[in-house]
Amino acid sequence: LEYLDLSVNKFTGAIPAAIGWLAKMNHLCLEGNSFSGAIPIELALLTNVEILDISNNYFEHSTDGVVHVPEQLLAVTRKFTGGTENYFKYEK
């Protein structure tokens with residue numbers, strides 16, 4: 001599976017860790033759902049991703065009100081678009 005767009009589908013709960021098993025994924029859009037909890041570190045396993053959009057969900061905030069992205073995920077990202085209010089979009 002290389003392309004998955006599940007935007008605006010009213011999904012809730014955590015993004016499943018198994019998403020990291022999709023090694024060939026290059027386009028993943030989960031924008032506009034009601035995902036919550038922490039951003040899964042397994043997203044860092046998607047090393048071929050060119051577009052990753054998990055904005056407009058309800059991810060866990062720290063006490064400073066900022067959504068924290070796992071360091072391993074930041075290591076595979078190069079350019080971000082949007083701010084924390086539209087958190088989190090990535091395009092190569």
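Described in the following lines is the structure provided in the data block. (Residues numbered from 1 in each chain as written. Predicted model: local features only at pLDDT ≥ 70, side-chain atom pairs only at ≥ 80, totals over all residues. Heavy atoms only, no water.)

Observations concerning the side chain of Ser-7
Thought 1: Relative to the helices and strands, Ser-7 is located in the loop between strand 1 (3–5) and strand 2 (12–13).
Thought 2: At 2.7 Å, the side chain of Ser-7 forms a polar contact with the side chain of Asp-5.
Thought 3: Look past the residues within four positions of Ser-7 in its chain and what remains in contact with it is Cys-29, Leu-30, Glu-31 and Asn-33. (Helix = DSSP H or I, 4+ residues; strand = E, 2+ residues; numbered from the N terminus. Polar contact = N/O pair within 3.5 Å; in protein donor to acceptor, adjacent residues only side chain to side chain. Contact = heavy atoms within 4.5 Å.)

Some details on unusual backbone geometry
Thought 1: Positive phi outside glycine occurs at Val-8, with the angle close to 50°.
Thought 2: Examined against the element boundaries, Val-8 turns out to sit in the loop between strand 1 and strand 2.
Thought 3: On the basis of relative accessible area, Val-8 is assigned to the exposed category, the value being 58%.
Thought 4: If you check the backbone angles, Asn-56 has positive phi at about 55° while not being a glycine.
Thought 5: Position of Asn-56 among the secondary structure elements: in the loop between strand 5 (51–53) and strand 6 (58–59). (Buried < 20%, exposed > 50% of the residue type's maximum accessible area, 1.4 Å probe, protein only.)

Considerations on the side chain of Asp-53
Thought 1: In this structure, Asp-53 sits in strand 5.
Thought 2: There is a polar contact of 2.6 Å between the side chain of Asp-53 and the side chain of Ser-55.

With respect to the sheet that holds strand 6
Thought 1: If you walk across this open sheet you meet the three strands as 2-4-6, and the pairing is parallel. Each having just a single partner strand, strand 2 and strand 6 make up the two edges of the open sheet.
Thought 2: Pairing of strand 2 with strand 4 (residues 34–37) involves two bridges; the strand directions are parallel. Bridging across to strand 4, Thr-12 finds its partner in Ser-34. (Pairing = 2+ DSSP bridges.)

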